[in-house]
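Report on the structure
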Amino acid sequence: MTAVITGHMSISLDGYVAGPSQSAEDPLGRGGLELHQWLFAGEAADYLEEANASAAAFIMGRHMFGPGRGEWDLSWEGWWGGNPFNGPVFVLTHYERDTLIIGDDAPFHFVTSGIVSALEQAQAVAEARDVMIVGGAQAIRQYLAAGLLDELRITVTPVILGAGERLLDGIGHPKLAQLESVSSGSVTHLRYGIER
């Protein structure tokens, strides 16, 4: 059966997934890139590959796809220069845009009909495999608050940002059950089941 999971969001010891003053030039905000140094160092590559292998479709918020607000700049094709995920991505947005396919990569679909519709579309293509909410924080908060997530995955990093964007603000009080805790180098990967 399809589960709805998050990607391993890097989170600071004080609960932030991005630093203050996010912008197109600094999408993770001041100090936010420090949250991801463990990825650049190659820590836990095997762990993440195995942890993410169950997902066949992905959902992300508009701000994770790009820095724009309002109507689309159709020349923008994402931060990655292609689709780095192993399947179709459904981008939550208020502004219509045609499906984007870059090279031989899986498509980006732009969903204006809300989080439930995006989830239903992702589940339809994932078939029996998982749907992963890859970010950003606002998208994950929406799915958590709506009671639509089965599993929350975070990677705690040895960083203190002091300000920025928190992952877990405004989500109510979901009941969590720890499924896994794996230390790898400087970080700890946590998985929590969420009681629906």
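Above this note sits the structure.
Here goes a summary of the coordinates provided. (Residues numbered from 1 in each chain as written. Predicted model: local features only at pLDDT ≥ 70, side-chain atom pairs only at ≥ 80, totals over all residues. Heavy atoms only, no water.)

1. Quick word on the pairing of strand β11 (residues 187-194)
Filter applied, for reference: Think of it in three bands: with a 1.4 Å probe and only protein chains considered, a residue is buried below 20% of the maximum accessible area for its type, exposed above 50%, and partly exposed in between. In this description a helix means any DSSP run of H or I spanning at least four residues, a strand means any run of E spanning at least two, and both kinds are numbered starting from the N terminus. Strands are labelled as partners when DSSP assigns at least two bridges between them.
Among the 8 residues that make up β11, 7 are buried, leaving the element largely enclosed by the rest of the structure. Sheet topology note: the strand β8 (residues 151-156)/β11 ladder contains 6 bridges and is antiparallel. Directly across from E151, in β11, lies its bridge partner G193. Sheet topology places strand β10 (residues 176-184) next to β11; 8 bridges connect them, and they run antiparallel. Within the sheet, the bridge partner assigned to A177 lies in β11 and is G193. In this antiparallel pair of consecutive strands, β10 and β11, the connection spans 2 residues, and G185 shows a positive phi of 60 degrees.

2. Here we look at unusual backbone geometry
Between G135 and G136 the backbone carries a cis peptide bond, its omega angle lying at -5 degrees. Residues other than glycine seldom take positive phi values, yet S21 does so here, at roughly 65 degrees. As for its placement among the helices and strands, S21 is situated in the loop between β3 (16-18) and α1 (37-40).

3. Considerations on the pattern of salt bridges
Going by this rule: In what follows, salt bridge is the name for a side-chain nitrogen of Lys or Arg lying within 4 Å of a carboxyl oxygen of Asp or Glu.
Counting across every chain of the model gives 4 salt bridges. One salt bridge in this structure joins R191 and E151, with 2.7 Å as the shortest N-O distance. Placement of R191 in strand β11 and of E151 in strand β8 is noted, with a sequence separation of 40 residues between them. Taken together, the shared-partner salt bridges connect E151, R153, E180 and R191 into one network.

4. Regarding helix α2 (residues 45-52)
In an α-helix there are 3.6 residues to a turn, and that puts residues three or four apart on one side. Which entries qualify depends on this criterion: Note that the arc is defined by the directions from the helix axis to the C-beta atoms. By definition, residues are in contact when any of their heavy atoms lie within 4.5 Å.
Within α2, burial applies to Y47, L48 and A51. For α2, the angular spread of the buried residues around the axis is 95 degrees, confining them to a single face. Residues of α2 that are exposed and angled more than 90 degrees away from the buried face: D46, E49 and E50. On its buried face, α2 is in contact with α1, β8, β10 and β11.

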